[in-house]
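So you can see what is in the structure, the chains are spelled out below.
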Amino acid sequence: MKETFDVAIVGAGPAGIAAAYCLAKKKRKVIVFERGEYPGAKNISGGVLYGHDLAQVIPDYEKQRCPIERNIVESRLWYLSQDGGYSLSYRDKIFADERRHNAFTVGRAKFDRWFAEQAQGAGALVVSGTVVTDLLRDQQGKIIGVVTDRAEGEVRAKVVLLADGINSPLAAKTGFRPEPKSHQVALAVKEVIELPEEVVDERFAVESGHGVTIEVLGAVTRGMDGVGVIYTNKKSLSVCIGATVEDLARNKVRPYEMLELFKAHPMVAPLIKGGKPVEYMAHWLAEGGYTAIPQLWGDGFLIAGDSGMLFNALHREGSNMAMTSGRLAAETIIEALQAGDTSQAGLSGYGRRLQDGYILKDLKKYKGFGQFLRGHNEVFTTLPAVAGLAAREMLIVNGVPKKAKQKAIWRELRKTISLRRLAKILWAGWRSVR
Ligand SMILES: Cc1cc2nc3c(=O)[nH]c(=O)nc-3n(C[C@H](O)[C@H](O)[C@H](O)COP(=O)(O)OP(=O)(O)OC[C@H]3O[C@@H](n4cnc5c(N)ncnc54)[C@H](O)[C@@H]3O)c2cc1C
């Protein structure tokens, strides 16, 4: 391609499209390359998006017919043993009123397509079915464009934004981002299970249009460092589970086996009963956290979203960080283009913007959490088993005095874990998130 663009973006996910939209709105000449047949074709997510971050890109997204599935009014946290589990949930009227769309579910195939159409409407060029295979550099090593798999596929641009997601051989190959280690990446599988809308309403006790998210920890990951989720869509449920690549390889567990076990759990099975599986997908997740974030800008380039490891695993916030980092990258690029300096120094405003906002602060706060889970495997093994036993014992009415039950639980606990170790886990857990 002979034309030179202000900005070439790799990837039409939330990060790339947020940037493209903001740049196009400011009349910058921007091209987005997407390897999928259309934006969203290659994307998977449990499906929760956050209105705050989307509104900072497109304030009237509702009016623009953003394809929202359900507005989340309740969040549940489950801690499961093999046959049972604890459930902690919080539902609030505010999420139906003033804070409506604080979080909502979407189907990524539909959402990404809609988002890309908004960017195209603002003037961005989105080229699907095209893989960016390399980056163009000048003699000083500054990035000056991209190489695609099309005939005459070199495209020159003043700035390149890498928004190509976690599985980014491009970022790794070019030395911007070291290859993630196996404990810094999780492999998740997701099944979308179709159910009539009123059945979803009934099973989750919500009004039409309202929804629930369930985050699941404990025995369902078969002792591995991982998490499961269930999200309500309009006429389906997203059921998803994953674990770090390190643990999956070490335990020789196939992700789909984990999913089958999850679906069969007595807390999960009644929710999906009678449903029809309509989609099955697998994808990597950026679990590395703060310490895995690479240098996010340099001479002629920036990195946004998952490609930059901007994912908060504890709060499963990734799409919001992607959209906001994309928006901040766009603001930085506009400033740099105005100043005529797209060198590393000229683009350094990106680091400042990320520092000032919530993304780096949040990731820094939880920087020890991944290490905590890796070092305290009992969170997925001994603790859910003992916690389950304790609840079961106390709830069974069999004429045994409660004091005797308490002693039996205590004995069982001491048999499986020392008090010193338990105190250490609790203390380390607290320290990793405080
Ligand atoms: C199972 C699962 C559940 C999740 N649940 C949630 C959730 O509920 N809420 C949440 O906020 N986050 C969730 N996430 C995380 C969220 O999906 C990501 O954080 C978010 O999608 C990151 O956006 P992105 O734009 O950086 O990357 P992506 O969404 O991965 O988009 C990158 C795009 O780049 C394209 N691409 C890659 N390489 C090239 C190339 N060389 N040339 C051209 N195109 C390329 C890809 O096809 C893709 O479309 C989940 C992730 C997974 C895997």
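From a predicted model like this one, the values you see are computed outputs, not experimental measurements. (Residues numbered from 1 in each chain as written. Predicted model: local features only at pLDDT ≥ 70, side-chain atom pairs only at ≥ 80, totals over all residues.)

S.K.: Provide a residue-level description of the site of the ligand, including the pertinent values.
M.R.: Near the ligand lie 39 residues; those nearest to it are Gly11, Gly13, Gly165, Gly305 and Gly318. Elements supplying a minimum of two residues to the shell around the ligand: α1 (14-25), β11 (185-194), β15 (276-286) and α9 (319-339). Tallied by class, the residues present in the shell around the ligand amount to 16 nonpolar, 15 polar and 8 charged. (Near = placed C-beta within 6 Å. Helix = DSSP H or I, 4+ residues; strand = E, 2+ residues; numbered from the N terminus. Nonpolar A, V, L, I, M, F, W, Y, C, P; charged D, E, K, R; others polar.)

S.K.: Mind laying out the domain arrangement of the chain, listing which residues take part and the relevant values?
M.R.: Domain annotation for the chain reports domain 1 (4-68 + 106-178 + 293-356), domain 2 (185-286) and domain 3 (370-433). The C-alpha-based centres of domain 1 and domain 2 are spaced at 29 Å. The interface of domain 1 with domain 2 comprises 11 residues on the first partner and 14 residues on the second. Here the residues of the side of domain 1 that touches domain 2 sort into 5 nonpolar, 4 polar and 2 charged. (Domains from an automatic or database assignment. Contact = placed C-beta atoms within 7 Å.)

S.K.: Break down the packing of α9 against helix α10 (residues 349-356) for me, citing the residues and quoting the values.
M.R.: Closest axis-to-axis distance for the α9/α10 pair is 9 Å, and the angle between their directions is 140 degrees. Crossing geometry of α9 relative to α10 is assigned as right-handed. For the pair α9 and α10, contact is made by Ser325, Leu328, Ala329, Glu331, Thr332 and Glu335 and by Gly349, Tyr350, Arg353 and Leu354, respectively. (Axes fitted to C-alpha atoms, helices over the stretch in contact; angles between N-to-C directions. Left-handed = near helix turned anticlockwise from the far one by under 90°.)

S.K.: Just give me the short version of the nonpolar core, but keep the residues and values in it.
M.R.: The biggest cluster of nonpolar side chains holds 120 residues, and the ones touching the most others in it are Ala19, Ala20 and Leu161. The two domains that each donate at least three residues to this core are domain 1 (4-68 + 106-178 + 293-356) and domain 2 (185-286). The contact partners of Leu161, leaving out residues within four places of it in the chain, are Val7, Ile9, Gly16, Ala19, Leu302, Ala304 and Ala329. (Core = buried A, V, L, I, M, F, W, Y, C linked by C-beta atoms within 7 Å. Buried ≥ 20, exposed ≤ 12 C-beta atoms within 10 Å, placed from the backbone.)

S.K.: Give a detailed account of helix α3 (residues 108-122), specifying residues and quantitative values.
M.R.: Here α3 contains 15 residues, and its C-alpha end-to-end distance of 21 Å stays within 8% of the 21 Å for a straight helix at 1.5 Å per residue. Where α3 is concerned, the buried positions are Arg108, Phe111, Asp112, Arg113, Phe115, Ala116, Gln118 and Ala119. Contacts made by the buried residues of α3 are with α1, β3 (48-50) and β7 (125-127). (Expected span 1.5 Å × (residues − 1).)

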